[in-house]
Amino acid sequence: MSTLDLNCRLQRSGFCLDVALSLPLTGVTGVYGPSGCGKTTLLRIIAGLESSDSSVNFGDQVWQSPEQFLEPHKRSVGYVFQQPGLFSYLSVRGNLEYARKRAAGQSTDIAALSELLGISKLMERMPDTLSGGEQQRVAIARALASGPQILLMDEPLASLDAARKTEFLPYLQSLHDELSIPVIYVSHAIDEIARIADNLVVLHEGSVVAEGALSSVLSSANLFRSDVSLARTVIDAQVSGFEADDGLTILRFDGGELLVTMPQPDTECVRLQIAASDISLTLVEQSDTSILNILPAQVAAVDEVGSGRVLVTLLVGSSQLVAQVSSRSAQQLRLAEGLQVYAQIKGVAVLA
Amino acid sequence: MRIVAPDLEAILLTLRLAFISTLVLLVIGTPLAWWLARSRNRFSFIVDALVALPLVLPPTVLGFYLLISLGPQGLFSGFSLAFTFTGLVVGSVIYSLPFVVQPLRDAFTSIGDRPLEVAATLGASPSDRFFSVALPLARRGFLTAAVLAFAHTLGEFGVVLMIGGNIPGETRVASIAIYEHVETLNYGAAHFLSFGMLMISFGLLALVYATNRRAGVLRA
């Protein structure tokens with residue numbers, strides 16, 4: 001499988017980026033980290049917008065090495081900036097045509113792209129007559145119209161207010177489903193990333209803290225010693241039934257079934273998120289409880305994460321769940337690898 | 001008013017000089033302003049200072065050096081540009097250079113890096129980015145620069161006096177003709193020329209401000 005190989009070194013006053021990564025060139029890779037951790041700089045290095053002592057190899061193409069530097073316009077990237085950055089003197093169509101005319105490979109289909117991003121009706125408008133969300137959708141369509149081999153997105157939702165974000169998210173989802181090119185999606189909002197990413201890289205102060213498949217990174221303990229509130233389980237589940245009387249949807253994943261109060265979904269597959277703090281553990285299955293979802297599980301790991309808290313990795317079937325309990329509870333229950341417990345799931349969030 | 005024909009000639013010559021100088025200034029000033037706006041060379045301030053010199057120098061100083069360097073013993077030995085229309089164009093271009101470079105430079109600077117970076121990631125080469133992004137975004141700067149260059153050349157006197165002299169149809173521009181009329185106490189002709197210049201200058205500036213205002217309304 002071809003990869004994007006990065007070896008980035010950049011020294012600025014008060015900031016140092018030192019990252020070696022090999023990112024798969026399939027699906028969506030989320031890059032998560034707090035502000036100022038070097039996420040944007042990493043994207044800029046990939047696109048060739050930042051001069052640095054780095055090497056960048058895209059599959060078998062050398063984009064940057066100590067001996068050579070491929071200029072940004074010769075790298076086949078689509079870049080979506082935090083601010084839409086539309087050309088104010090061109091209409092929406094003009095902006096898309098600007099990119100299409102400069103596409104290196106075969107010509108892209110503007111009509112299909114504008115359909116995908118829901119901007120077909122805006123084609124003759126000027127950018128300053130569009131809402132922030134519309135502008136950002138045009139910016140994404142424009143980046144794709146240049147026929148890139150990879151799409152880089154730098155916090156595309158950061159400039160939008162909460163309502164616009166909600167309106168925008170379905171488009172991100174359809175991008176994830178429709179795009180054949182890899183996407184690198186940078187954000188400091190873990191919920192956004194959990195929603196669309198397949199892989200996850202976590203950056204902290206210029207270096208990589210964790211990387212790998214989204215669900216395994218999000219449940220790995222060493223990542224969350226600094227911020228345990230991030231710990232969560234992400235599950236892709238199948239819709240297997242709907243109980244209209246109670247408004248309950250039955251979702252099946254390879255660890256069992258979950259009942260979720262939600263309107264009947266129109267898709268077959270949904271992505272669920274369970275915060276680690278929303279799972280509690282019991283040694284005996286409780287029957288006199290309001291909690292709907294109780295799954296038998298086996299403790300796979302117990303990790304002290306500080307501040308009197310313990311992160312417990314659970315095996316449910318072949319799925320991993322992560323629960324957060326207090327150190328006191330862990331001692332009282334004598335939690336240890338191999339112990340059979342019951343995971344009581346208090347809340348399930350449906351991401352997409 | 002028996003000298004109307006030569007005075008009309010002086011006005012037409014002035015307009016021709018201003019028009020040609022403005023064209024030359026835009027051709028020279030655009031790349032210079034672009035370089036000054038984008039350059040991270042730490043010695044670019046020297047070029048900045050050189051371009052701004054005509055703002056502070058007495059026109060006679062500029063005219064004197066031009067006379068020396070453009071004359072028969074000057075840079076192009078045996079070939080004199082002094083007291084020719086071409087010499088006037090050279091003088092005007094140098095004299096009005098800051099009035100073109102500074103607005104263009106400001107316009108280019110205010111574009112910022114982002115639109116150019118966007119264009120680069122969309123596959124536009126550096127020269128493509130200049131023509132397809134920087135020029136359209138700096139269009140108001142070009143209007144300002146062109147009008148200032150034109151108007152400033154119209155009002156030029158000292159440099160012309162030094163290197164152009166007073167040859168009808170060749171170097172006798174309106175400001176020189178007015179000076180000559182006043183010296184010879186021919187106030188009627190001086191009134192005619194002065195009023196002509198006043199109307200042309202006012203008309204030009206009014207046109208620019210009207211255009212700018214309309215553009216402002218459209219942008220809002």
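All of the points below concern the structure found in this document. (Residues numbered from 1 in each chain as written. Chains lettered and ligands numbered in written order. Predicted model: local features only at pLDDT ≥ 70, side-chain atom pairs only at ≥ 80, totals over all residues.)

When helices and strands are counted, chain B shows ten helices and zero strands. Ordered by position from N to C terminus, the α and β elements of chain B give α-α-α-α-α-α-α-α-α-α. Dimensions of chain B, computed from the C-alpha atoms along their principal axes, are close to 65 × 45 × 25 Å. With 220 residues in all, chain B has 35% of them scored as buried. Considering only contacts in chain B between residues 6 or more positions apart, those separated by 24 or more positions represent 76%. (Helix = DSSP H or I, 4+ residues; strand = E, 2+ residues; numbered from the N terminus. Buried ≥ 20, exposed ≤ 12 C-beta atoms within 10 Å, placed from the backbone. Contact = placed C-beta atoms within 7 Å.)

All names here are of chain A. Here strand β6 (residues 77-80) shows two buried faces, one formed by Val77 and Tyr79 and the other by Gly78 and Val80. Relative to strand β7 (residues 150-154), β6 runs parallel, the two sharing four bridges. What sits directly across from tyrosine 79, in β7, is leucine 152. (Pairing = 2+ DSSP bridges.)

So, about helix α5 (residues 114-121) of chain B. An α-helix turns once every 3.6 residues. As a result, residues three or four positions apart point the same way. Where α5(B) is concerned, the buried positions are Glu117(B), Val118(B), Ala119(B), Ala120(B) and Thr121(B). In the core, the buried residues of α5(B) are packed alongside α1 (39-47) and β6 of chain A together with α6 (126-137) of chain B. Downstream of α5(B) by one or two residues, Gly123(B) has phi in the positive range, about 100°.

Residue and element names in this part refer to chain A. As summarised here, the arrangement of the five strands in space is β15-β19-β16-β17-β18, forming an open sheet in which the pairing is antiparallel. Strand pairing shows two members of the sheet lacking a second neighbour, β15 (279-282) and β18 (319-326), which therefore form its edges. Within this sheet the neighbouring strands show an average axis-to-axis angle of 45°, counted without direction. Across eight bridges, the pairing between strand β17 (residues 309-316) and β18 is antiparallel. What sits directly across from arginine 309, in β18, is serine 326. (Axes fitted to C-alpha atoms, helices over the stretch in contact; angles between N-to-C directions.)

A few words now on the interface of chain B and chain A. Frequently, the measure chosen for interface size is the accessible area removed from exposure when the parts meet. Across the boundary between the two partners, chain B contributes 13 residues, which contact 18 residues of chain A. Listing elements by their share of the side of chain B that touches chain A, those giving two or more residues are α5 and α6 of chain B. No other element matches the six residues that α5(B) contributes to the side of chain B that touches chain A. Classifying every residue of the side of chain B that touches chain A gives eight nonpolar, three polar and two charged. (Nonpolar A, V, L, I, M, F, W, Y, C, P; charged D, E, K, R; others polar.)

We now examine the environment of Leu21(A). Residues and elements named next belong to chain A. Structurally, the position occupied by leucine 21 is in strand β2 (residues 15-24). Its 17 C-beta neighbours within 10 Å are what place leucine 21 among the partly exposed residues. Separated by 26 residues in sequence, leucine 21 and alanine 47 place their C-alpha atoms 15 Å apart. For leucine 21, the contacting residues outside a window of four places in its chain are Leu6, Val201, Val208 and Glu211.

It is worth stressing that arrangement in space is one thing and function is another; only the former is reported here.
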